[in-house]
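Remarks on the overall topology
What follows is each chain in one-letter form.
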Amino acid sequence: MATTTATPVRATATPAGPRNGRLKGAVLGVTAWLVGLLFVAPILWMVLTSFHSEADAATNPPSLAASLTLDSYREFFGVAGGASPWPALINSMTASVASTLITLLLALPAAYALSIRPVKRWTDVLFFFLSTKMLPMVAGLLPIYLFAKNSGLLDNIWALVILYTAMNLPIAVWMMQSFLSEVPVAIIEAAQIDGARLPTILGRVVAPIALPGIAATALICFIFSWNELLFARVLTGVVAETAPVFLTGFITSQGLFLAKVCAASLVISLPVLAAGFAAQDKLVQGLSLGAVK
């Protein structure tokens, strides 16, 4: 009589249902919102404090229900008879925009030579450029000050333009090299067959294709130039005073005027926020170029 042996039945894992997927998505969404609020909370607090009076801003713990006023903004813009911020804002805009444009004009052909038409040992060249950013800014402060003094460039806005260009050029070449490496070489060769020279190729072929990367590089250079304080504090005085230097004037021996500082910080941050908002699509596309491939 034949006997049959029962084969063991293995339990099969059931795939996660849509409920688990929705739960996971909800958890990730809540986490993203919490992280976003964590980063935005100091900015929102600065905005709220800028509309308080100095007495309400100095209370501990601070009062959320304090009355709102525009006195801090009036004092910042010199309506009440104080110093006007417009010369400092114009100086910052001049130094940031001019240095960014010069940096792009110098970085584009350099990145072209390191990516599309690479020179020998181009990786060593890139690392040399990047190594210049590792020098502490304080280490170069005295030599740069003596050079500016002997050259008659103290309290001159063009000294900051030259300095910011030299500071931003290594990171600009590094960023644009990765962007330009994505440009098809066949397009450039076709332009050369048609008789286009290097300036034409850079301006009409390479630049339009690498526009997101150029926009991202320009915004990074503009932010670095706009926020720079150390060299602007040492090399400028009254004529070439920049916005960050003007902002430090609200910290006096009489104390910290918190509401005025918050109002000044918000106004000085607006150009950077406006530039980032205007170029946000190009910025995201440029910074993510190559990361999603």
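Residues numbered from 1 in each chain as written. Predicted model: local features only at pLDDT ≥ 70, side-chain atom pairs only at ≥ 80, totals over all residues. Heavy atoms only, no water.

1. Some points on the pattern of salt bridges
To keep things clear, this is the line we draw: We define a salt bridge as a side-chain nitrogen of Lys or Arg found within 4 Å of a carboxyl oxygen belonging to Asp or Glu. A run of H or I in DSSP counts as a helix once it spans at least four residues, and a run of E counts as a strand once it spans at least two, with each numbered from the N terminus. Think of it in three bands: with a 1.4 Å probe and only protein chains considered, a residue is buried below 20% of the maximum accessible area for its type, exposed above 50%, and partly exposed in between.
Overall, the coordinates contain two salt bridges when judged by the stated rule. Across the pair R74 and D71 runs a salt bridge whose closest N-O atoms are separated by 2.9 Å. Of this pair, R74 and D71 both sit in helix α3 (residues 71-76), three residues apart, which is roughly one turn of the helix. Judged by relative accessible area, D71 falls into the partly exposed class, the value being 38%.

2. Remarks on the layout of surface pockets
Going by this rule: The rule is simple: put a 1 Å grid over the protein atoms alone, call a set of points where a 1.4 Å probe fits but cannot get out a cavity, call an open set with protein on both sides within 12 Å along at least five of seven lines a pocket, and count a residue as lining if it has an atom within 4 Å of a point. Grid points are joined across faces, edges and corners, and a volume is the space filled by probe spheres set on the points. When residue character is reported, Ala, Val, Leu, Ile, Met, Phe, Trp, Tyr, Cys and Pro are called nonpolar, Asp, Glu, Lys and Arg charged, and the others, Gly included, polar.
Here the largest pocket is characterised by a volume of approximately 360 Å³. Looking at the largest pocket, it is lined by 17 residues, and the ones nearest its centre are T132, K133, L135, M137 and M167. Listed by contribution, the elements that provide at least two residues to the lining of the largest pocket are α7 (157-180) and α10 (211-227). Ranked by residue count, the leading element in the lining of the largest pocket is α7, at six residues. Among the residues making up the lining of the largest pocket, the classes are represented as eleven nonpolar, four polar and two charged. Along its surface, the second largest pocket is lined by I144, F147, A148, L153, A159, I162, L163, A166 and L235. Elements with a minimum of two residues in the lining of the second largest pocket: α6 (141-150) and α7. A per-element tally of the lining of the second largest pocket places α7 first, with four residues. Split into classes, the residues belonging to the lining of the second largest pocket amount to nine nonpolar, no polar and no charged.

3. Let's talk about the environment of A264
What counts is decided by this rule: Here a residue-residue contact requires only that any non-hydrogen atoms of the pair lie within 4.5 Å.
Mapped onto the elements of the fold, A264 is located in helix α13 (residues 258-278). By relative accessible area, A264 is classed as buried at 0%. A sequence separation of 21 residues divides A264 from A243, and the C-alpha atoms of the two residues are 9.1 Å apart. Ignoring sequence-local partners within four residues, the contact set of A264 consists of F76, L247 and F250.

4. Section: the environment of T59
Threshold: For the purposes of these results, a polar contact is taken to be a pair of N or O atoms within 3.5 Å, where, inside protein, one atom must be able to donate a hydrogen and its partner to accept one; residues adjacent in sequence count only when each atom of the pair is a side-chain atom.
One can find T59 in the loop between α2 (54-57) and α3. Exposure remark for T59: the relative accessible area of 32% places this residue in the partly exposed category. Here the side chain of T59 touches D56 through a polar contact of 2.8 Å, landing on its backbone oxygen.

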